[in-house]
Amino acid sequence: MTTTERRVDLFVIGAGSGGVRAARIAAGYGARVMVAEEYRVGGTCVIRGCVPKKLLVYAARFREAFEDAVGFGWSDTAPTFDWASLIASKDREIGRLEAAYKATLGKAGVEIVESRAVLHDAKTVRLEPSGELIRAEHILIATGATPSLGPSIPGIEHVISSNEALALDHLPARVLVQGGSYIAVEFASIFAGLGSQVSLVYRGENILRGFDDDVRQQLRMELEKRGIKVITGATVTAVEPHGKHYTAHLSCDMQVAADAVMFAIGRPPNVRGLGLETVGIKIAPNGGIAVDEYSQTSVPGIWAVGDVTNRVNLTPVAIREGHAFADTVFGGKPTKVDYRCVPTAVFSEPEVGTVGLSEAQAIAEFGDVDVYKTSFRPMKATLSGRDTTVLLKLVVDAASQRVLGCHIVGEGAGEMIQLVGIAVRMGATKADFDATMAVHPTAAEELVTMRQPTLRHRRKAAE
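Residues numbered from 1 in each chain as written. Predicted model: local features only at pLDDT ≥ 70, side-chain atom pairs only at ≥ 80, totals over all residues. Heavy atoms only, no water.

Explain the pairing of strand S18 (residues 390-397) to me, using residue names and the numbers behind them.
Among the eight residues of S18, eight are classified as buried, and the element is accordingly described as predominantly covered. Covered by surrounding structure in S18 are Val390, Leu392, Leu394 and Val396 together with Leu391, Lys393, Val395 and Asp397, the residues of both alternating faces. As paired elements, strand S17 (residues 369-376) and S18 share eight bridges and run antiparallel to each other. In the strand pairing of S18, lysine 373 is matched with lysine 393. Note that S18 and strand S19 (residues 403-409) share six bridges and pair antiparallel. (Buried < 20%, exposed > 50% of the residue type's maximum accessible area, 1.4 Å probe, protein only. Helix = DSSP H or I, 4+ residues; strand = E, 2+ residues; numbered from the N terminus. Pairing = 2+ DSSP bridges.)

Listed below in C-alpha cells is the structure:
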C-alpha cells in the first residue's frame, strides 16, 4: 500500500495559464507549491492554442501584404511559401516559451511534476503512473478544456482538431473546417491566407454565434471575399476517404472534396478521469466544475479556475482567476473576478474586436438604445485596390448615454478593443468619446467622430 510521503500547501493539477499564475502567486506568498502537468508546461494557450495559432495568423497575412504592396510601388514578385519551415519556426518558439514558463516557476520555488495527477481524496492527490500520494492543504484544478469532435459519424477517424492542424506535415490544398466560432473562423482564415481552398461549414444561420449581428454579417462577407466558401445551416454527416483525399458529405445533400477535414465545434471542460466523483465535486449545468465567486468547488479546500469551470473561456480570464484564487487563499485578500466588460478578439482575417453588449443584448436589457455605426474602405485599400471594408459600432444607453458595447471588424481590431475596453469598463459616455481628440488619419478615429445615431431603439409606450 502506497503511503503519503510529501506534504504541500497547494497542489495544482494542470500547468496552463491559470494554474501557472496561481502557483507562482501562491509561492510568492510563501506557500509550498507543487504543479503537475501530464503534457507540456504552458497549457493550451502556449502549446497548442493562442500563441502558435497567432504565429500562423501572422504567416497567413503576408499573402495579402505582398499583393497589396504592388499598389504602393513595390515589384510584383512571386514569393513562395514553405509550410514545413513555418511549423519548425513555430515549434522552436513554443519550446522557448515552455522553457521560460518552467524557469519562472522554478525561480518562484514551485516544484513541477511531469505526471498525470488525480484526486485520491479531498486532501490527497495521486500521481500516475507511480501511485505516489501527495498531501495538500489546498488543491487547485486547472486542467482547461479539450477539443471535441462531436457525435460519431462515418469516417470520424479521419477528422482532425486544431491540435493536429498545428502540426500537419504539409499544407493541404483543400480544407474543410466545421464550426463557426473563434477557432473555426481563425483556422479558415489561416488556411485560406496560406493558399488553401477553404470551405467553412456551420450548423447555425451565421458564424460567430453570440457576437453582434452586424459583426457576424460583416465577417462572413469579408471571409467570402477572400475566397472562403461559407456554408451555413449544415453539418458534416460523413467523411469518405479516397486514399489521402476525402469527400465530406453534408446534411444539406452537398459534397465537399478536401485534403483535410478539421472540426472546431467546441472545447468542453477537461473533467474526465480526474477523480471528481471520488470526492463528490459537483458539475455545473454547463458541464464545467461548479464553483463559487471565489472559485471554490463544492468540496472545501478544492478549487478550480480557467476553462475547466466553463465560465468565460479566455486565457486572460483564467490568469485573472488564478491570481484571484492565490490572493484569496494565500494572500489574505479575498478577491472576486469581475466578468463585466471582458474585451475579446477573433484573429480572423480581418480581425474582430468586441467588448460589452451587442445591439440585441442592449435592447433586451436597457430597451432604449442608440446605435452609432460606420462602415468604410480603409485608407490602405485606396492604393492597394483590395475590396474590403472596416466596421465600427458603438451601442449606447439612450437614457444615461453610457457606452454599453463597442464592436470592430478590420485591421488592428484586437489592439483597438483592448484600449476601448478600458473606457467601456469605466462607464464612459458617448460625450466622453465625442470629447476625445481624434488621431488622424486612422480607422480608430471614427470611434470618436460619429455624431448622429444610425439607429434609435425605443420601448413602445404602454397603451
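Any details on unusual backbone geometry? Residues and values, ideally.
The linkage connecting glutamate 128 with the following residue, proline 129, adopts the cis geometry, with an omega of 10°. Note that the residue after histidine 440, namely proline 441, is joined by a cis bond; omega there is -5°. Within the secondary structure, proline 441 is located in the loop between helix H13 (430-435) and strand S20 (455-457). Positive phi values are uncommon outside glycine, yet serine 295 reaches one of about 75°. Considering the arrangement of structural elements, one finds serine 295 in the loop between helix H8 (276-279) and strand S14 (302-304). Of note in this structure, cysteine 341 is not a glycine but carries a positive phi near 55°. Take cysteine 341: its relative accessible area is 23%, and that puts it in the partly exposed class.

Tell me about the side chain of serine 358, and name the residues and values.
Mapped onto the elements, serine 358 comes out in the loop between strand S16 (352-356) and helix H10 (359-366). Residues contacting serine 358, with those up to four places away along its chain left out, are Asp212, Val395 and His407. (Contact = heavy atoms within 4.5 Å.)

So what's going on with helix H6 (residues 182-193)? Which residues, and what values?
Across its 12 residues, H6 extends 16 Å between first and last C-alpha, which sits within 8% of the 16 Å expected from 1.5 Å per residue. When you tally the buried positions in H6, you get 10 out of 12 residues, the bulk of the element. Of the positions making up H6, those classed as buried are Ala184, Val185, Glu186, Phe187, Ala188, Ser189, Ile190, Phe191, Ala192 and Gly193. A positive phi of about 115° marks glycine 195, the residue just after H6. (Expected span 1.5 Å × (residues − 1).)

How would you explain the nonpolar core if you had to name every residue and give the values?
One finds Phe191 and Leu200 to be the most contacted residues of the largest nonpolar core, which totals 37 residues. The set of elements that each furnish at least two residues to this core consists of helix H3 (50-69), helix H4 (83-107), strand S7 (174-178), H6, strand S8 (197-202) and helix H7 (213-225). Sorting elements by how many residues they give to this core places H6 first, with seven residues. If sequence neighbours within four positions are ignored, leucine 200 has contacts with Val177, Gly179, Ala184, Val185, Ala188, Ile207, Leu223, Ile228, Lys229, Val230 and Ile231. One finds Ala136, Ile281, Ile289 and Val299 within the second-largest nonpolar core, a separate group that totals 24 residues. (Core = buried A, V, L, I, M, F, W, Y, C linked by side-chain atoms within 4.5 Å.)

Summarise the packing of aromatic side chains; cite the residues concerned and give the values.
Throughout the structure, instances matching the rule amount to six aromatic pairs. Each ring, one from tryptophan 83 and one from phenylalanine 191, has its centre 6.5 Å from the other, and the planes form 20°; the classification is stacked. In this pair, tryptophan 83 sits in helix H4 while phenylalanine 191 sits in helix H6, placing the two residues 108 residues apart along the sequence. Phenylalanine 191 matches tryptophan 83 in its accessibility class, with the two residues each being buried. A centroid spacing of 6.2 Å and a plane angle of 80° characterise the contact between phenylalanine 325 and phenylalanine 330, whose relative ring orientation is edge-to-face. The same class applies to phenylalanine 325 and to phenylalanine 330, which are both buried. Among the aromatic residues, those joined into a ring-pair cluster are Trp83, Phe187 and Phe191. (Phe/Tyr/Trp six-rings, centres within 6.5 Å; stacked < 30°, edge-to-face > 60°.)

Hey, could you go over H10 for me, with residue numbers and the actual values?
Three- or four-residue spacings in an α-helix give side chains the same orientation, since the helix completes a turn every 3.6 residues. For H10, every residue scored as buried is listed here: Glu359, Ala362 and Phe366. The arc that holds every buried residue of H10, seen down its axis, measures 65°, which confines them to one face. Facing away from the buried side of H10 by more than 90 degrees, the exposed set consists of Ala364 and Glu365. At its buried positions, H10 is contacted by H7, S17, S18, S19 and S20. Following H10 by one or two positions, glycine 367 has its phi on the positive side, about 80°. (Arc of directions from axis to C-beta.)

I'd love a proper account of the packing of helix H1 (residues 17-28) against H4, names of residues and values included.
Put simply, H1 and H4 touch, their axes get as near as 9 Å, and they point 25° apart. Considered as vectors, H1 and H4 are oriented roughly parallel to each other. Between H1 and H4 lies a crossing of left-handed hand. Facing Val20, Ala23 and Arg24 of H1, the residues of H4 in contact are Tyr101, Thr104 and Leu105. Grouping the constituent residues of the contact of H1 with H4 by class yields four nonpolar, one polar and one charged. (Axes fitted to C-alpha atoms, helices over the stretch in contact; angles between N-to-C directions. Parallel < 35°, antiparallel > 145°, perpendicular 65-115°, else oblique. Left-handed = near helix turned anticlockwise from the far one by under 90°. Nonpolar A, V, L, I, M, F, W, Y, C, P; charged D, E, K, R; others polar.)

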